[in-house]
Amino acid sequence: MSAQPRLTIDLDGIAANYRLLQETVAPAECAAVIKANAYGLGANAIGRRLLAEGCRTFFFAHLSEALELAPEIHQAGGTMFTLNGTGLYPVDAFLKAGIIPVLNTLEETRHWAREAGGAPAGLHLDTGMNRLGLPASHDAAVLELKTDGLNLIHLMSHPACADEPQRAENRAQLSRFVQRAAAFGDITKSFANSAGCFLGPEYRFDVARPGLALYGAQPVSDRWVDLATPYRFEAPVLQVRRFSEGESFGYGGTHSAKSGGCSATIGAGYADGVPRCLSNRGHIWLGGIKAPIIGRISMDSLAADISAHPDPESLVHELAQIYGPDLTVDAQAASAGLSAYELLTRIGGRTQRIFANALDSR
Ligand SMILES: *Cc1c(COP(=O)(O)O)cnc(C)c1O
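Every chain is numbered independently, its residues counted from 1 as its sequence is written. Residue-level local features of this predicted model are given only where pLDDT is at least 70; pairs of side-chain atoms are given and counted only at 80 or more, and the full residue set underlies all totals for whole chains, interfaces and linings. Derived side-chain values reflect all non-hydrogen atoms in the structure, with water molecules and hydrogen atoms excluded from consideration.

**Student:** How would you explain the overall build of the chain if you had to name every residue and give the values?
**Tutor:** Counting secondary structure elements, the chain contains eleven helices and 19 strands. Seen through its C-alpha atoms, the chain measures out along the principal axes to roughly 75 × 45 × 35 Å. Think of it in three bands: residues with accessible area under 20% of the maximum for their type are buried, residues over 50% are exposed, and the middle band is partly exposed, with areas taken using a 1.4 Å probe on protein chains only. Expressed as a percentage of its 362 residues, the buried residues of the chain come to 52%. Residues are treated as being in contact if the distance between any of their heavy atoms lies within 4.5 Å. Taking the intrachain contacts of the chain between residues at least 6 apart in sequence as the baseline, contacts between residues at least 24 apart amount to 64%. All accessible areas in this document rest on Shrake-Rupley with a 1.4 Å probe, and a residue is counted as covered only by the protein chains that are shown. Per element, the accessible surface of the chain, about 15500 Å² overall, is 49% carbon and sulfur. Positive and negative side-chain charges of the chain, numbering 31 and 37 respectively, have mean locations separated by a distance of 2 Å. Only DSSP runs of H or I with at least four residues qualify as helices, and only runs of E with at least two residues qualify as strands; both kinds are numbered from the N terminus onward. Only four residue types enter the tally: Lys and Arg on the positive side, Asp and Glu on the negative side; His and the chain ends are excluded. Here the site of a charge means NZ on Lys, CZ on Arg, CG on Asp, or CD on Glu.

**Student:** Give me the lowdown on the site of the ligand, citing residues and values where you can.
**Tutor:** Distances are taken per atom, and a residue is near a molecule or strand as soon as one of its heavy atoms is within 4 Å of it. Residues in contact with the ligand amount to 13 residues; listed here are only the nearest, K35, Y39, S194, G211 and Y341. At a separation of 3.3 Å, an oxygen atom of the ligand approaches a polar side-chain atom of R131. Residue R209 places a side-chain N or O atom 3.0 Å away from a nitrogen atom belonging to the ligand. Taken by itself the ligand offers 390 Å² of open surface, and the protein chains cover 93% of this. We define a polar contact as two N or O atoms separated by no more than 3.5 Å, with the added condition that, inside protein, one atom must be a possible hydrogen donor and the other a possible acceptor, whereas residues neighbouring each other in sequence contribute only through side-chain atom pairs.

**Student:** Tell me about unusual backbone geometry, and name the residues and values.
**Tutor:** In the segment running from A26 into P27, the intervening peptide bond is cis, with an omega of 10°. Backbone geometry places A38, a non-glycine residue, at a positive phi of 55°. Along the polypeptide, A38 turns up in helix α2 (residues 35–39). A positive phi angle is found at N357, which is not glycine, with a value near 65°. Residue position: N357 is located in the segment after β19 (352–356).

**Student:** Account for the pairing of strand β14 (residues 261–266), with residues named and values stated.
**Tutor:** Burial analysis of β14 places six of its six residues in the buried class, the great majority of the element. Of the pairings in the sheet, the one linking strand β11 (residues 231–243) to β14 comprises six bridges and is antiparallel in character. When the sheet's bridge partners are listed, R241 is paired in β14 with S263. Summarising the sheet, β14 and strand β17 (residues 302–305) pair through four bridges and their orientation is antiparallel. Bridging from a neighbouring strand, T265 pairs with A303 of β17. Paired strands are those between which DSSP finds at least two bridges.

**Student:** Summarise the environment of F94; cite the residues concerned and give the values.
**Tutor:** Within the element layout of this structure, F94 appears in helix α6 (residues 91–97). Linking F94 and L63, residues 31 residues apart in sequence, is a C-alpha distance of 7.3 Å. Not counting residues within four places of it along the chain, the set of residues in contact with F94 comprises L63, T82, G85, T86, Y89, I99, P101 and W112.

**Student:** An account of the nonpolar core is needed here, citing residue identities and associated values.
**Tutor:** Throughout, nonpolar core names a set of buried Ala, Val, Leu, Ile, Met, Phe, Trp, Tyr and Cys residues whose side chains join them through atoms within 4.5 Å. One finds I34, I46, L50, Y215 and I284 to be the most contacted residues of the largest nonpolar core, which totals 111 residues. When near neighbours in sequence (up to four residues on either side) are disregarded, I284 contacts I266, I289, K290, A291, I293, L302, A304, A320, Q321, I322 and L327. By size, the runner-up hydrophobic cluster in this structure holds five residues, among which are F243, F249, A257 and A303.

**Student:** Can you lay out helix α7 (residues 106–115) for me, pointing to particular residues and giving the numbers?
**Tutor:** Looking only at α7, the buried set comprises L106, E108, T109, W112 and A113. Considered in projection along α7, the buried side chains sweep an arc of 160° and stay on one side of the axis. For α7, the exposed residues lying more than 90 degrees away from the buried face are E107 and R114. Tucked inside the fold, the buried residues of α7 contact α6, β6 (100–103), β7 (120–124) and α8 (139–146). Within two residues after α7, G117 carries a phi angle of roughly 60°, on the positive side. Regarding the arc, it is the one traced by the directions from the helix axis to the C-beta atoms.

**Student:** Kindly report on the pattern of salt bridges, identifying the contributing residues and their values.
**Tutor:** Put simply, a salt bridge is a Lys or Arg side-chain nitrogen that is within 4 Å of an Asp or Glu carboxyl oxygen. Inspection of every chain in the model, using the stated rule, returns 14 salt bridges. Across the pair D12 and R49 runs a salt bridge whose closest N-O atoms are separated by 2.9 Å. Highlighted residues: D12 in helix α1 (residues 11–25) and R49 in helix α3 (residues 43–52), separated in sequence by 37 residues. On the basis of relative accessible area, D12 is assigned to the partly exposed category, the value being 27%. Close ionic contact of R49 with E53 constitutes a salt bridge, the shortest N to O distance being 3.1 Å. A relative accessible area of 6% means that R49 is categorised as buried. Put simply, D12, R19, R49 and E53 are held in one network by salt bridges that share partners.

**Student:** How would you summarise the packing of α1 against α3 if you had to cite specific residues and measurements?
**Tutor:** Only the stretch in contact is used when fitting a helix axis, every axis being a line fitted to C-alpha atoms; angles between N-to-C directions are given from 0 to 180 degrees. At a minimum axis separation of 10 Å, α1 and α3 run at an interaxial angle of 50°. Looking at the two axes, α1 sits oblique to α3. In this structure, α1 crosses over α3, and the sense of that crossing is right-handed. Together, L11, D12, I14, A15 and Y18 of α1 and A45, I46, R49 and L50 of α3 make up the contact between the two elements. Gly falls in the polar group here, along with every residue not listed as nonpolar (Ala, Val, Leu, Ile, Met, Phe, Trp, Tyr, Cys, Pro) or charged (Asp, Glu, Lys, Arg). Considering only residue class, the contact of α1 with α3 consists of seven nonpolar, no polar and two charged. Oblique is the label for any angle not covered by the other classes, which are roughly parallel (under 35 degrees), roughly antiparallel (over 145) and roughly perpendicular (65 to 115). Handedness of a crossing is defined here by the sense of rotation of the near helix relative to the far one, left-handed for an anticlockwise turn of less than a right angle and right-handed for a clockwise turn.

In structure tokens form, the structure reads like this:
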């Protein structure tokens, strides 16, 4: 068995999450946000599977992320957007690939209107997040460009606080979006990220744009959504060690044993995307027990206290789950003070990705 960490992605689980989200937002269309390599899990395999599930609108952050899937998505009649606009890419690169930028500034919008020869674009209206998108004061200038060759096919905004449904900002952003969108006439609109899908029907518009929930992490703070956990990030036990009271573990010796026991050294560290702040705070799942991570996480390994296991020595070469169905990114993120988004997108380095239930392997 390989000593390297591995990430197994169950495409059936992702498909099930897509169907749940599609049912939640119906009659709106459920798009898929597969930016950042589908939150670290693998955009190409996931994009293909979602196409087979009927998804026809895909969002990326950058043009480069969208290129490989473009022929397949276009052949199926699908549409691809880049959320980070045109950036410094030449307009031609978008036109050639048939990928549609979401324009985020007036300057970008003017440039597209001038250079793109009537090719379609999306437009992001900022309604309170102050991250990307145009302020209300630019709406009139954009509307003028519409008579001047600007071909807008999608109008969006993005909620800042949708994971906290009680926040007044949600309603405030919604009403700003509705008000400003009216001036743009009959155009496809979207507002909801994963959390926004659960805010209520008035937030769903024509298209919803979930990312995180597709990958099985909980989108909303005040309710449990019955999502499949499609990721399994594992690494093998390299050694099992017996230790005595007072022994310390790892760089800096930041954990001292209160009594004798057994530890497992697991072959994944921060170079594989296990954040160092899970040191002395996170857990692994091994041999049916939830074992605390002890000492600092190293580059290539981490240690866990497996004293609670009835036969710790039998665990050598077994796979320890770092994130997966028994120990979710939500649980680990809560221990580390990080977000599930960060834990998923960080899995990397030498981690081998294995796709279970891919359509072409059946
Ligand atoms: C990343 C992103 C999404 C998806 O958000 P999730 O919280 O992962 O569902 C949707 N819309 C925009 C504009 C985004 O940047």
